[in-house]
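Geometric and topological summary
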Amino acid sequence: MSARKPTLAVVGATGAVGTVMLSILSQRENVWGEIRLVASASSAGKVLTVRGEDVVVQALAPEVFDGVDVAMFDVPDEISAMWAPIAVSRGAVVVDNSSAFRMDPEVPLVVPEVNPAQVRNRPKGIVSNPNCTTLTMMDALGALHAGWGLKELVVASYQAASGAGKPGIDRLYDEIAVLSGNREAGQHAGDVRAAVSDKLGEDSPFPAPLALNVVPWAGSLQDGGWSSEELKVRNESRKILAIPDLKVSATCVRVPVITTHSLAVHAVFEKPLTADAARQALIEAPSVVVLDDPAAGEWPTPADVVGSDPTFVGRIRQALDFPNTIDLFVCGDNLRKGAALNTAQIAELLAKEFTS
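Predicted model only: the values in this text are computed from it and were never measured. (Residues numbered from 1 in each chain as written. Predicted model: local features only at pLDDT ≥ 70, side-chain atom pairs only at ≥ 80, totals over all residues. Heavy atoms only, no water.)

Our focus in this paragraph is unusual backbone geometry. Positive phi outside glycine occurs at L212, with the angle close to 55°. Position of L212 among the secondary structure elements: in the loop between helix 5 (191-200) and helix 6 (228-241). Phi is positive for R315, which is not a glycine, with a value near 55°. Considering the arrangement of structural elements, one finds R315 in strand 13 (residues 311-318). (Helix = DSSP H or I, 4+ residues; strand = E, 2+ residues; numbered from the N terminus.)

Okay, here's the thing in structure tokens:
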């Protein structure tokens, strides 16, 4: 066994997810030797702390990947599409958090609790991290699929503002500040929009006010009126679970929550199952916490689980009018398991290859 710990690069270290990545790297088992922090030229020279050490951020350039074994990317799609192959050409294995490579048949899409062996199937030297909405439910669905065979999935998401990055977080806080103390807001059509627009203008990452509201849209417009987020849930679930004909319908909704996505899941299985059996399988699943006692008012909510690593599941019911069907409610921190944590877990699987 090699005594050398592999070198890690974190690309996009100053972003919302990148900041969480540094925190996670400081909390988890230290499997890395050198950690290099990389960002855009405008962020170069900043000093960030990881594992209790101050590290100077380097500007993204080909040479920063020299000697790097694993590079975790959290940057926009177009940056990943350009720079991930460059990092691979300099000798790094890339774990990418963008959507640039997720549906590439030569790039595995990995959730370590569900399909860890796929990390070795990487002819392009790239491993993709799924979308945060898909990831929120995948640990739970993976456990249920293993026992009963998932065949259909209907999902409604309740997605936090942080899914739109720091601009989404800032916009929601600003809208809340504008409306704070206004007990008339939200009682007349258009009054919230008018108050927010008057104070903050129309430049928002959301197509409608988010404070005191829900917005039935996340992502970009695709064919047939679907959003890109909804299609990601469909396509990524099929790939991760290796069910190419899985029937999926998703409706993605943005809600006035800072961080932590929630999903209402209607899952149809090939084999008969009971709510009790499903609940027990979820209790036994790694990285899943079951909070499911409606009589006591116990179920997961974003405000109660934000900042946590596991997937939280509650409201587990056998559907009354649909056979072999379980309904449940899932919450997961979209910046942790939905992005940074899963990326770090994939990177840790790769790290073992350099020390074995």
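Anyway, onward from the coordinates.
A side chain of one charge can pair with a side chain of the opposite charge if their charged atoms are brought near each other. Overall, the coordinates contain 16 salt bridges when judged by the stated rule. The salt bridge partner of E106 is K124, with a shortest N-O separation of 3.9 Å. Placement of the pair is E106 in the loop between strand 7 (93-96) and strand 8 (126-128) and K124 in the loop between strand 7 and strand 8, with a sequence separation of 18 residues. The residue D292 makes a salt bridge to R279 at a minimum N-O spacing of 2.8 Å. In this pair, D292 sits in the loop between strand 12 (288-290) and helix 8 (302-305) while R279 sits in helix 7 (residues 275-284), placing the two residues 13 residues apart along the sequence. It is possible to trace a salt-bridge network through shared partners that takes in D104, E106 and K124. (Salt bridge = Lys/Arg side-chain N within 4 Å of Asp/Glu carboxyl O.)

Attention shifts here to the sheet that holds strand 12. Hydrogen bonding along the main chain pairs the strands of a sheet, whether they run parallel or antiparallel. Taken in spatial order, the six strands of this open sheet run 10-9-11-14-13-12, and their pairing is mixed. Because the sheet does not close on itself, it has two edges, and the strands there are strand 10 (247-254) and strand 12. Here the strands of the sheet are splayed against their neighbours by 25° on average, with no regard to which way each runs. Bridge analysis of strand 9 (residues 150-159) against strand 10 gives eight bridges, and the strand direction is parallel. Considered in strand 10, the bridge of V155 is made with A250. With respect to the sheet, helix 6 is in contact with strand 9 and strand 10, its orientation differing from that of strand 10 by roughly 135°. (Pairing = 2+ DSSP bridges. Axes fitted to C-alpha atoms, helices over the stretch in contact; angles between N-to-C directions. Contact = heavy atoms within 4.5 Å.)

The subject of this paragraph is the environment of L263. The residue L263 is located in strand 11 (residues 261-269) in this model. Between the C-alpha atoms of L263 and D170, which are 93 residues apart in sequence, the distance is 23 Å. Once you skip the residues sitting within four places of it in the chain, L263 turns out to touch T133, T136, M137, V155, A156, S157, Y158, L328, F329 and V330.

The next point concerns the packing of helix 1 (residues 16-27) against helix 9 (residues 336-355). For any two helices packed against each other, the geometry is given by the interaxial angle and the distance between the axes. The contact between helix 1 and helix 9 brings their axes to 9 Å, and the two run at 50°. By the criterion of interaxial angle, the relationship of helix 1 to helix 9 is oblique. Classified by chirality, the crossing of helix 9 by helix 1 is right-handed. Two secondary-structure elements touch here, helix 1 through V17, V20, M21, S23, I24 and Q27 and helix 9 through R336, A339, A340, L341, T343 and A344. (Parallel < 35°, antiparallel > 145°, perpendicular 65-115°, else oblique. Left-handed = near helix turned anticlockwise from the far one by under 90°.)

Take the side chain of S162 next. Among the structural elements, S162 can be located in the loop between strand 9 and helix 4 (165-179). Take S162: its relative accessible area is 3%, and that puts it in the buried class. Not counting the four nearest positions on each side in its chain, S162 is found in contact with I169, I258, T259, N334 and L335. (Buried < 20%, exposed > 50% of the residue type's maximum accessible area, 1.4 Å probe, protein only.)

What follows concerns the pairing of strand 2 (residues 35-39). Burial analysis of strand 2 places five of its five residues in the buried class, the great majority of the element. Of the two faces of strand 2, the one lined by I35, L37 and A39 and the one lined by R36 and V38 are each fully buried. With four bridges connecting them, strand 1 (residues 8-11) and strand 2 associate as parallel partners. Residue V11 lies in a different strand from strand 2, and its bridge partner there is V38. Of the crossover connections in this fold, the one passing from strand 1 over helix 1 to the parallel strand 2 is right-handed. Alignment of strand 2 against strand 5 (residues 58-59), held across two bridges, turns out to be parallel. Paired with V38 across the two strands is Q58, which belongs to strand 5. (Right-handed = clockwise from strand over helix to strand, strands pointing away.)

Its 13 residues give helix 2 (residues 77-89) an end-to-end C-alpha distance of 19 Å, which sits within 8% of 18 Å, the value for a rise of 1.5 Å per residue. Considering bend angle alone, the principal kink of helix 2 is centred on W83 and spans about 30°; proline P85 follows within four residues of it. Regarding helix 2, the residues found buried are S80, W83, A84 and A87. In the core, the buried residues of helix 2 are packed alongside strand 6 (70-73), strand 7 and strand 8. Note on helix 2: the residue one or two positions beyond its end, G91, has a positive phi of about 110°. (Expected span 1.5 Å × (residues − 1). Bend = angle between axes of the 7 residues up to and from the residue.)

Taken as a whole and judged by the stated rule, the model has two aromatic pairs. Ring geometry for F65 and F73: centres 5.9 Å apart, planes at 10°, overall stacked. Measuring from ring centre to ring centre gives 6.3 Å for Y158 and F329, while their planes differ by 45°; the resulting arrangement is tilted. Of this pair, Y158 sits in strand 9 while F329 sits in strand 14 (residues 325-332), placing them 171 residues apart in sequence. Owing to a relative accessible area of 33%, Y158 belongs among the partly exposed residues under this scheme. (Phe/Tyr/Trp six-rings, centres within 6.5 Å; stacked < 30°, edge-to-face > 60°.)

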